Amino acid sequence: MPRSTRRRPALTHPAVEEIDLFDVLHALSDPTRMTIVRILRAEAERPCGTFPVDVAPSTLSHHFKVLRESGLITQREDANRRISALRAVDLEHRFPGLVDSILAAHARGADS
């Protein structure tokens, strides 16, 4: 049976000036998405299926979509997988210190 020639829809990312604070805060309100962002803060890039989270693949795809559409991450296609990266420079430009402050507060809360 031949493989499908259907391609996935193009990935869209908001421009830096379109990144909205409330969308970022909403995206960071979920523990799974916080885990993804925390890991991407420490690593330059990571394939989507390699994050240590305990959710179904469809749920993980949803989390990546929320992060991407909020402007927190970028994703690019690499053969049959997607590679994710934190938009650290863009976020620092738009909201100086925000992501690091939220990650630090989250880490303090996890230590309690």
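**Student:** So what about the pairing of strand β2 (residues 73-78)? Which residues, and what values?
**Tutor:** With six bridges joining them, β2 and strand β3 (residues 81-86) adopt antiparallel strand pairing. Residue pairing for β3: R76 is matched across the bridge by I83. Here β2 hands over to β3 after two residues, with A79 in that stretch at a positive phi of 60°.

**Student:** Describe the pattern of salt bridges, with residues and values.
**Tutor:** Opposite charge on two side chains makes pairing possible when the charged atoms of those side chains draw close. For the structure shown, the criterion picks out six salt bridges. Between R76 and E45 there is a salt bridge, with the nearest N and O atoms lying 2.9 Å from each other. Highlighted residues: R76 in strand β2 and E45 in the loop between α2 (31-42) and β1 (46-47), separated in sequence by 31 residues. Between E77 and R82 there is a salt bridge, and its shortest N-O distance comes to 2.9 Å. On the accessibility criterion, R82 (16% relative accessible area) is buried.

**Student:** Describe α2, with residues and values.
**Tutor:** Between its first and last C-alpha atoms α2 spans 17 Å; for twelve residues at 1.5 Å apiece the expected length is 16 Å, and the two agree. Listed as buried for α2 are T32, R33, M34, T35, I36, V37, I39 and L40. Contacts made by the buried residues of α2 are with α1 (21-27), β1, α3 (57-70), β2, β3 and α5 (98-111). Its side-chain oxygen at 2.8 Å from the backbone nitrogen of T32, D30 defines the N-terminal cap of α2.

Rules and cut-offs
Position labels on residues start from 1 in each chain and follow its written sequence. In view of the model being predicted, local features appear only for residues whose pLDDT reaches at least 70, and side-chain atom pairs are presented and counted only at 80 or more, with totals across whole chains, interfaces and linings using the full set of residues. Hydrogens and water molecules were not included; the side-chain quantities draw on all heavy atoms of the structure. Strand pairing requires that DSSP identify at least two bridges connecting the strands. Secondary structure elements follow DSSP: runs of H or I of four or more residues count as helices, runs of E of two or more count as strands, with numbering from the N terminus. The rule for a salt bridge is simple: a side-chain nitrogen of Lys or Arg has to be within 4 Å of a carboxyl oxygen of Asp or Glu. Only protein chains enter the accessibility calculation, which uses a 1.4 Å probe; a residue is then buried when its area is under 20% of its type maximum, exposed when over 50%, and partly exposed in between. One less than the residue count of a helix, multiplied by 1.5 Å, gives the span that helix is expected to have. Contact criterion: two residues are considered in contact whenever any of their non-hydrogen atoms come within 4.5 Å of each other. For this analysis, a polar contact is any N or O atom pair within 3.5 Å, provided that within protein one partner can donate a hydrogen and the other can accept it, and provided that sequence-adjacent residues contribute only side-chain to side-chain pairs.

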